[in-house]
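Residues per chain, in single letters:
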Amino acid sequence: GRGAARRALGALVGGVDLPILQGVRREPLFPPGTVGSISHKGDIGVAVVGRASAVLAIGVDLESLGPRRLDIGARIAVPEERPWLEANGERGTRMLFSAKESVYK
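These remarks concern the structure in this document. (Residues numbered from 1 in each chain as written. Predicted model: local features only at pLDDT ≥ 70, side-chain atom pairs only at ≥ 80, totals over all residues. Heavy atoms only, no water.)

On to helix 3 (residues 82–104), then. Under the 1.5 Å per step criterion, the end-to-end length of helix 3 is only 20 Å for 23 residues, more than 12% shorter than the ideal 33 Å. Taking the largest bend as the criterion, helix 3 deviates by roughly 130°, centred on Gly89. Listed as buried for helix 3 are Leu85, Gly92, Thr93, Arg94, Leu96, Phe97, Ser98 and Ser102. Tucked inside the fold, the buried residues of helix 3 contact helix 2 (72–76). (Helix = DSSP H or I, 4+ residues; strand = E, 2+ residues; numbered from the N terminus. Expected span 1.5 Å × (residues − 1). Bend = angle between axes of the 7 residues up to and from the residue. Buried < 20%, exposed > 50% of the residue type's maximum accessible area, 1.4 Å probe, protein only. Contact = heavy atoms within 4.5 Å.)

Here you go:
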């Protein structure tokens with residue numbers, strides 16, 4: 001994920017190799033003037049970056065199709081989202097979890 005972020009930053013700022021430092025909770029700290037997000041699952045990593053003057057924040061998340069705790073939907077959904085989860089099943093649960101994880105990042 002950090003390798004993808006470094007390549008994306010390099011493309012954004014014209015090939016300059018900018019460091020991506022690490023915060024106290026191991027979160028990526030993007031250089032001043034940039035925003036970004038990293039996600040990884042297994043051996044796949046992705047990153048998105050942008051200029052802080054153009055966007056306030058960016059979030060990205062990867063989710064696997066492997067087993068997931070059955071109660072996660074009930075734990076992450078607010079009451080207004082539960083009918084949508086019921087109508088969309090496991091796929092909807094994964095989509096909602098991923099969307100919320102992206103916003104969190």
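Our focus in this paragraph is the environment of Leu29. Along the chain, Leu29 falls in strand 2 (residues 28–29). Overall, the relative accessible area of 37% leaves Leu29 in the partly exposed class. The spacing of Leu29 and Phe97 is 68 residues in sequence and 23 Å in space, taken between C-alpha atoms. Setting aside chain neighbours within four positions, we find Leu29 in contact with Pro19, Ile20, Leu21, Gln22 and Gly23.

Most peptide bonds take the trans form, and the phi angle of most residues other than glycine is negative. Even without being glycine, Arg26 reaches a positive phi, approximately 70°. Assignment of secondary structure puts Arg26 in the loop between strand 1 (21–22) and strand 2. A residue is classified by how much of its surface remains accessible, and Arg26, at 64% relative accessible area, is exposed.

A few words now on the pattern of salt bridges. Here the structure, examined in full by the defined rule, presents two salt bridges. Across the salt bridge formed by Lys100 and Glu81, the nearest N and O atoms sit 2.9 Å from each other. With Lys100 in helix 3 and Glu81 in the loop between helix 2 and helix 3, this residue pair connects regions lying 19 residues apart in the sequence. When its relative accessible area of 31% is taken as the criterion, Lys100 is described as partly exposed. When its relative accessible area of 22% is taken as the criterion, Glu81 is described as partly exposed. As a salt-bridge pair, Arg94 and Glu90 come within 3.0 Å of each other at their nearest N and O atoms. Of this pair, Arg94 and Glu90 both sit in helix 3, four residues apart, roughly one helical turn. A relative accessible area of 11% means that Arg94 is categorised as buried. (Salt bridge = Lys/Arg side-chain N within 4 Å of Asp/Glu carboxyl O.)

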